[in-house]
Amino acid sequence: MTDHVLTYMTFFPVAGMVAVLLLPRERHDLIRWVSALFTVPPLLLAVWLFRNFDRANPGFQFIEKFDWIPAYNIQYFVGVDGISISMVLLTALLSFLCIFASWGIDKGVKGYFALFLLLDAGMMGVFVALDFFLFYIFWEVMLLPMYFLIGIWGGPRREYAAIKFFLYTLFGSVLMLLAILALYFTTEPHTFDMTQLIAQSDRYGTTPLPFWPFDQLRWGFQHVVWMALFIGFAIKIPAFPFHTWLPDAHVEAPTAISVILAGVLLKMGTYGILRINYSMFPEATGDLAFWFLGALGAWNIIYGALCAMAQKDLKKLVAYSSVSHMGYVMLGMATFTPHGINGAVLQMFNHGTITGMLFLMVGVIYDRAHHRDIEGFGGVAAIMPVYTGVSAFAIFASMGLPGLSGFISEVLVLLGAWQKYPVLSVLGASGVILTAGYLLWTVQRVFLGATNEKYKTMPEINGRELFTMIPLAVIILIVGVYPSVVLDLLSASLEQLNQAVIPHLG
Amino acid sequence: MTLLRYIPLFPLAGALLNVFVGRWLGRRAAGLLACAAVGLSFVVSFAIFSLLRATEVLREPLFTWMEVAPLKIEIAFQADALTAVMLLIITGIGLLIHIYSLGYMGHDEGMVRYFAYLNLFIFFMSLLVLADNLLLLFVGWEGVGLCSYLLIGFWYQDHANAIAGNKAFIVNRIGDFGFLLGMLLLFWEMGRQGVWSLSVSELQNITHLLRPERVRLITLLLFIGAAGKSAQIPLYVWLPDAMQGPTPVSALIHAATMVTAGVYMTARLSFLFSMTPETLALIAWIGGLTAFFAATIAVAQNDIKRVLAYSTVSQLGYMFLAVGVGAFSVAIFHLFTHAFFKACLFLSSGSVIHALGGEQDMRKMGGLRRYLPTTYTTYLVATLAISGFPLTAGFFSKDQILWAVHSSPAGSTSLWTLAWLTAGLTAFYMFRQFFLVFHGKCRVDEPALAHIHESPPVMRVPLVLLALGSIFAGWLATPEFMWGSLWEGWLEPVFSAGGVANHAASEDEILFMGVTLAISAFGFLLAFLFRSPENKIAEWLSRSAICRLLAGKYYIDELYDFFFVRPFTASARWLAQICDPGLIDGLVNGVAERVRGGSLLGRQLQSGNVQHYLFAFLAGALALLAYFLGR
């Protein structure tokens, strides 16, 4: 079994989907439990992976490779390294927890869980694929179930949100497809193998574009491909100004899907940039990272935070906080210091757990009050003390309270950024004030104050809901106190990545 | 010896136990558990205090916190004389406040939650003073901010409390922003010397290698943090509002913990601050101005706790004044004595408020001497101490500050004039309060008067102990012409780098003391003359413009609101409600619309009408023909 760990992790959910499809549609509980069952093996394998991952090895591990479509040199090629391992773990964990967060779905249960499991497989595939063609397939596989999950099980404006999400991401995918083809045809022999593409990353240096008029900007073929890929990934992150699909999608998506969206899907943007832009185009990365990742990241932090401050919808607020927090990832990535880049990838992981918790928190109260209007609550702390405690934990984690995980990654990012771009670091650090501002104001309006008579009888958070949130809280605390559990996984590969880009920095 | 870790560990365990099983323990057991936890910490702190030799530094590494080569930051504790003194204050006074709370909060439904927060507070504060590196210190730093937020907004059902908690946290965050930047800069500056740990002891070893202009910036940024936490201009605004919490919390925040963190931090990094006379001069001025400014506001307040709040801001100003002239040990000494008399004042005022069923307006008090004899005595002792009555704790510590400002080369006439004026104002507003509350005609409402009662022993015992401390704590450091100072000898190794006040000219010092006393006595006299609210001159004064300005706290809150809060929220609203959905998303939807429009136009071509197609075909053929013929 351990020879094909990643394959099992990716395709167990597909088997689960098939199983769910074979079940009678009215057996709701059976469908739920079977779905849950099929997310357990990936989770256990993730634990196994965590224990057996060689932390000192910067290269790919647990590799599986065989020819798939030999005519075009397409392979089934999977493996993990320090860049992807944390995302694989996060995906396995969130997929498992989100099954339980989806328990309340009672419309089209069979379809929902089947699509959810397919989504799970697609996400896992994106993080483990090492063949660009395979990567693209998983990327699209993940897109479709997401469209239906939002479009069918979403809120009142679900169709608008789903189409917007779909078109936006598809636009990115098309650019990515063009980039993939460009890469394929410029390698000799033509290949989609990422390790080959990375190994040949120095081959573009001297080919300027024939029709590019601005020679002094040193824009060549690789810069164009870099930009195409970047836009595709920036949409996913989401980086300003491509972020507007996110609030709509989040507001309409069911709770569990929001968790997956924020926890896993957004990370694909930054993951893709690290895996593809950074590894394959170190020179273009050196030229473009400052503006498109550093400066844009700092802008994301502030813009997202300011937008969050004036939101009226609780879920929208959390969505904009994601925009802000993903800014730290971008800023950290642009520093090319060990602290910054480790902090960035750690922030990807932390944002997944923290924001996951925040969306679960919104889901709990939405299920009870059937609205998310921040002004419409008040005094929830008196009615649901346990819920308030858990929520406060998540909120303070999001605020970067020292001792919890968000603090570690934000500090590492800012430490890294300070040396290279002190101004961006100051801007990023000012995010701590804004974040405290909008989150505390939210706490005040939702949880504190006089109790709203309407909700006097709201039931306390139940065991199932607690079960979805507590594991995340535990991880947030552990990573906050002892971040080496995650950092050790990352540092070797990220150091190698840094070293590839550093010679090309302007 | 691995004792240090137990000091934060006990309160942490207490807090966790109360959070998770407190509701099954019951209120009384939860409270006792919390007291026991802090009591144990106090015992350990005392053991360390007595075992620690003067020049010794205990170090206790636990584990590596974060490691990203080259950066390596440890979770490690250290304890020297300064830490030991701070620990005694935190756990000792903290313990008394815990015990007092057993009585004060005895009937509150949220008592379990209250004690969990209180223990957490002690945990973070002890972490702060024990931390071996700045990042760990920052954990405690933010942690006390969190606890103060939780405790200020403890009675969260009242909107005002929740807002006060927010304000405290956010203003502190502004300071923390400065602190964080200072830390980032320091990190790289230390990194230039190959040290990547932010450890204070390693920093001390390489201080002389740092570039002075960088150190200037670092200390300035760190001081922003200190100004936030220790409520100095311009970030003092949160502290008076922090009165919204239960009164023992005010005592805890104002006396033993939290606000002392900024002073402690500057003292801990005294070797760094001593390098930059410019920063120190700024600190001295900020401290002096804050002391005076806050004292003037305190004069015109009518809320019993608000007067004390502004007096805390003012006294903290004194401490920074001492720091600014390089007299770090004197600053810590004032911190030490202030902890006793301010805790005593707050808890005594709590006793008054408790007796009156929650009344805080001094205009509705008066003549309480008869009803609350113990509280009256402790209040009097503490008031004397804060006003600098001879032989009380405040007398010695304040006198040393004034003397340090006078004798230090960094001091100036304007600074000690400011400090003197503040001494006079302090005596005035404290005795004004004292007379309003305890003397004169009783103005208590009828219903409250019926229930008026002295507090139970569990509250009175801490009061008496603190009152004793308010006198005798000062005897540890007396001028040379009395029996000298134990304190200087104890703390000197810690501050060897800093300037030490000059003790040679003792005649000058006696003269100086005399003037201070005269000014304070004048303040007392004024308070005595205006003691009755019906006094004609007092009444006329209270209606004057200047008094309204003071009562309105110089309208600083309103100014901040107008210049900072409103523009920020307005721009946030503009971004969120107009720019983002309108411009950015509008652009996206606009592109979609154009594409749709273009497609609709394109659709017209596919009309399915054969005549149209034929016409297009003919037109095309003719155009081609014309082109080729025309060549």
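Residues numbered from 1 in each chain as written. Chains lettered and ligands numbered in written order. Predicted model: local features only at pLDDT ≥ 70, side-chain atom pairs only at ≥ 80, totals over all residues. Heavy atoms only, no water.

S.K.: Looking at this structure, I do not really get the overall build of chain B. What am I missing?
M.R.: What chain B contains, in helices and strands, is 26 helices and 2 strands. Out of the 631 residues in chain B, the part that is buried amounts to 59%. In chain B, 81% of the contacts between residues at least 6 apart in sequence involve partners at least 24 apart. Counting every atom, chain B has about 24600 Å² of accessible surface; 68% of that belongs to carbon and sulfur. For chain B, the distance from the average position of its 39 positive side-chain charges to the average position of its 37 negative side-chain charges is 8 Å. (Helix = DSSP H or I, 4+ residues; strand = E, 2+ residues; numbered from the N terminus. Buried < 20%, exposed > 50% of the residue type's maximum accessible area, 1.4 Å probe, protein only. Contact = heavy atoms within 4.5 Å. Areas by Shrake-Rupley, 256 points an atom, 1.4 Å probe, with all protein chains shown as cover. Lys, Arg positive; Asp, Glu negative; His and termini not counted. Charge placed at Lys NZ, Arg CZ, Asp CG, Glu CD.)

S.K.: Is there a simple way to think about the overall build of chain A in this case?
M.R.: For chain A, the helix and strand inventory stands at 19 helices and 2 strands. Taken over the C-alpha trace, chain A has a radius of gyration of 22 Å; the compact-globule value for 506 residues is 23 Å, and the two agree within 12%. In terms of overall dimensions, chain A has a C-alpha envelope of 70 × 55 × 40 Å along the principal axes. Counting every position in chain A, which comprises 506 residues, the buried fraction comes to 68%. Taking the intrachain contacts of chain A between residues at least 6 apart in sequence as the baseline, contacts between residues at least 24 apart amount to 79%. With an accessible surface of roughly 16000 Å², chain A has 68% of that area assigned to carbon and sulfur atoms. Of note, chain A has its 26 positive side-chain charges centred 9 Å away from the centre of its 30 negative side-chain charges. (Rg over C-alpha atoms; globule rule 2.2 N^0.38 Å.)

S.K.: How should I be thinking about the interface of chain B and chain A in this particular structure?
M.R.: Often the size quoted for an interface is simply the accessible area lost on bringing the parts together. Residue-level contacts link 45 residues of chain B with 60 residues of chain A. Together chain B and chain A conceal approximately 4700 Å² of surface at their shared face, both sides included; 73% is due to carbon and sulfur atoms. Here chain B and chain A share 1 salt bridge between them. The partner of Lys164 of chain A in a salt bridge is Asp585 of chain B, with the nearest N and O atoms 2.6 Å apart. The interface formed by chain B and chain A holds 18 residue pairs in polar contact (both at pLDDT 80 or more) in total. Mapped by element, the contributors of at least two residues to the side of chain B that touches chain A are strand S1 (58-68), helix H5 (134-152), helix H6 (159-191) and helix H25 (556-605) of chain B. Residue contributions to the side of chain B that touches chain A peak at 15 residues, all from H6 of chain B. (Buried area = accessible area lost by both parts, 1.4 Å probe. Salt bridge = Lys/Arg side-chain N within 4 Å of Asp/Glu carboxyl O. Polar contact = N/O pair within 3.5 Å; in protein donor to acceptor, adjacent residues only side chain to side chain.)

S.K.: It is not clear to me how the side chain of Arg432 of chain B should be interpreted in this structure. Could you clarify?
M.R.: Residue and element names in this part refer to chain B. Tracing the sequence through the fold places Arg432 in helix H18 (residues 413-438). Here Arg432 sits buried without a salt bridge, and the closest side chain of opposite charge, Asp361, lies 8.0 Å off (N-O distance). Within the structure, Arg432 has its side chain in polar contact with the side chain of Asn302 (distance 3.0 Å). When sequence neighbours within four positions are dropped, the list of residues in contact with Arg432 reads Ala298, Val299, Gln301, Asn302, Met362 and Ala527.

S.K.: What should I look at first to understand the nonpolar core in this one?
M.R.: Nonpolar side chains tend toward joint burial in soluble globular proteins. The biggest cluster of nonpolar side chains holds 427 residues, and the ones touching the most others in it are Phe132, Phe135 and Tyr278 of chain A. Here this core takes 18 residues from helix H15 (residues 328-355) of chain B, the largest share from any one element. (Core = buried A, V, L, I, M, F, W, Y, C linked by side-chain atoms within 4.5 Å.)

S.K.: Looking at this structure, how should I read the packing of helix H8 (residues 221-236) of chain A against helix H11 (residues 282-309) of chain A?
M.R.: Residues and elements named next belong to chain A. Following both chains from N to C, one finds H8 and H11 inclined at 35°, their axes separated by 9 Å at the closest point. Here the hand of the crossing between H8 and H11 comes out right-handed. When H8 is examined against H11, the residues Gln222, His223, Trp226, Met227 and Phe230 are found in contact with a partner set consisting of Glu283, Ala284, Thr285, Asp287, Leu288, Phe292, Leu293 and Leu296. Each residue belonging to the contact of H8 with H11 can be placed in one class, and the counts come to 8 nonpolar, 3 polar and 2 charged. (Axes fitted to C-alpha atoms, helices over the stretch in contact; angles between N-to-C directions. Left-handed = near helix turned anticlockwise from the far one by under 90°. Nonpolar A, V, L, I, M, F, W, Y, C, P; charged D, E, K, R; others polar.)

S.K.: Whenever I open this one, the confidence of the model for chain B confuses me. Can you help?
M.R.: If pLDDT is low for a region, its predicted coordinates should not be looked at in detail. Residue and element names in this part refer to chain B. Overall, the predicted model of chain B reaches an average pLDDT of 85, with 97% of residues at or above 70. Below pLDDT 50 for its whole length, residues 497-501 participates in 10 contacts with residues either more than four positions away or in separate chains. We note a pTM of 0.91 for the whole complex and an ipTM of 0.90 for its interfaces. (pLDDT = per-residue confidence, 0-100.)

S.K.: Quick question: what am I supposed to make of the domain arrangement of chain B here?
M.R.: In terms of domains, chain B is made up of domain 1 (326-331 + 351-548) and domain 2 (558-630). Put simply, the middle of domain 1 of chain B and the middle of domain 2 of chain B, counted by C-alpha atoms, are 73 Å apart. (Domains from an automatic or database assignment.)

S.K.: So what exactly am I meant to see when it comes to a nonpolar patch on the surface here?
M.R.: A cluster of nonpolar side chains, contributed by Leu391, Val461, Val464, Leu465, Leu468, Phe472, Trp475 and Trp483 of chain B, occupies part of the molecular surface with about 740 Å² of accessible area. Its place among the elements puts Val461 of chain B in helix H20 (residues 457-472). (Patch = residues over 30% accessible without salt bridge, like charges linked within 9 Å, V, L, I, M, F, W, Y side chains within 5 Å.)

S.K.: How should I be thinking about the pattern of salt bridges in this particular structure?
M.R.: A complete count under the given rule lists 24 salt bridges over all chains for this structure. For Lys167 of chain B, the salt bridge identified is with Asp557 of chain B, shortest N-O distance 3.0 Å. Here Asp557 of chain B lies in helix H25 and Lys167 of chain B lies in helix H6, a separation of 390 residues in the sequence. The class of Asp557 of chain B is partly exposed, set by a relative accessible area of 24%. The closest approach of N and O atoms between Glu189 of chain B and Arg214 of chain B, which form a salt bridge, is 3.8 Å. Of the two residues, Glu189 of chain B sits in helix H6 while Arg214 of chain B sits in helix H8 (residues 212-229), which places them 25 residues apart along the sequence. On the basis of relative accessibility, which here comes to 32%, the residue Arg214 of chain B falls in the partly exposed class. The structure contains a network of salt bridges with shared partners spanning Arg157, Lys164 and Asp248 of chain A together with Asp585 of chain B.

S.K.: Explain the pairing of strand S2 (residues 71-79) of chain B to me, please; I cannot follow it from the model alone.
M.R.: Look at any regular strand and the pattern is simple: side chains alternate between the two faces of the sheet. Residue and element names in this part refer to chain B. Counting buried positions along S2 gives 7 out of 9 residues, so the element sits mostly inside the fold. Across 9 bridges, the pairing between S1 and S2 is antiparallel. Directly across from Arg59, in S2, lies its bridge partner Gln78. (Pairing = 2+ DSSP bridges.)

S.K.: Honestly, the side chain of Ser391 of chain A in this entry has me stumped. Any pointers?
M.R.: Residue position: Ser391 of chain A is located in helix H15 (residues 385-398). The contacts of Ser391 of chain A, once residues within four sequence positions are left out, are Met361 and Phe447 of chain A.

S.K.: Before we go on, may I ask you to explain the confidence of the model for chain A in this structure?
M.R.: Looking at chain A as a whole, the pLDDT averages 89, with 96% of positions reaching at least 70. Per-element confidence in chain A is highest for helix H4 (residues 109-128) of chain A, whose mean pLDDT is 94, and lowest for helix H7 (residues 194-199) of chain A, whose mean pLDDT is 87.

S.K.: Would you take a moment to explain H5 of chain B for this structure?
M.R.: At 3.6 residues per turn, the α-helix brings residues three or four places apart onto the same side. Residues and elements named next belong to chain B. Taking 1.5 Å of rise per residue, 19 residues should cover 27 Å, and H5 covers 26 Å from first to last C-alpha, within 8% of that figure. Of all the 19 residues making up H5, 19 are buried; the element is thus mostly covered by neighbouring parts of the structure. At the N-terminal boundary of H5, the capping side chain belongs to Asn133, with an oxygen 3.1 Å from the backbone nitrogen of Leu135. (Expected span 1.5 Å × (residues − 1).)

S.K.: What is the right way to read the packing of aromatic side chains from this model?
M.R.: Describing an aromatic ring pair means giving the distance of the ring centres and the angle of the ring planes. In this structure the tally under the stated criterion is 78 aromatic pairs over all chains. Measuring from centroid to centroid gives 5.2 Å for Phe96 of chain A and Phe100 of chain A, while their planes differ by 70°, and the two rings are edge-to-face. Here Phe96 of chain A and its partner Phe100 of chain A are both found in helix H3 (residues 82-101), 4 residues apart, which amounts to about one turn of the helix. Classification of Phe96 of chain A as buried rests on a relative accessible area of 12%. Judged by its relative accessible area of 10%, Phe100 of chain A falls in the buried class. Ring geometry for Phe133 of chain A and Phe192 of chain A: centres 5.4 Å apart, planes at 50°, overall tilted. Of the two residues, Phe133 of chain A sits in helix H5 (residues 132-153) while Phe192 of chain A sits in the loop between helix H6 (158-186) and H7, which places them 59 residues apart along the sequence. Its relative accessible area of 28% is what places Phe133 of chain A among the partly exposed residues. Given the relative accessible area of 5%, Phe192 of chain A is considered buried. Here a set of aromatic residues connected by ring pairs shows up, and it is made of Tyr376, Tyr379, Phe431, Phe434, Phe435, Phe438, Phe524 and Phe528 of chain B. Cation over ring: Arg55 of chain A sits above Phe50 of chain A, and NZ or CZ is 4.9 Å from the ring centre. Taking NZ or CZ as reference, Arg445 of chain A lies 3.7 Å from the ring centre of Trp441 of chain A, over its face. (Phe/Tyr/Trp six-rings, centres within 6.5 Å; stacked < 30°, edge-to-face > 60°. Lys NZ or Arg CZ within 6 Å of the ring centre and 35° of its normal.)

S.K.: Just checking my understanding: could you explain the state of the cysteines for this structure?
M.R.: Here a disulfide denotes a covalent bond joining the sulfur atom of one cysteine to the sulfur atom of another. Within the structure shown, the criterion is met by 0 disulfides over all chains. Between Cys579 of chain B, a free cysteine, and Cys307 of chain A, which holds the nearest cysteine sulfur, the sulfur-to-sulfur gap is 6.8 Å. (Disulfide = S-S within 2.5 Å.)

S.K.: For this particular structure, what's the right way to read the environment of Val225 of chain A?
M.R.: Following the sequence through the fold, Val225 of chain A ends up in helix H8. Once residues lying within four places of it in the same chain are set aside, the contact partners of Val225 of chain A are Ala179, Ala182 and Phe281 of chain A.

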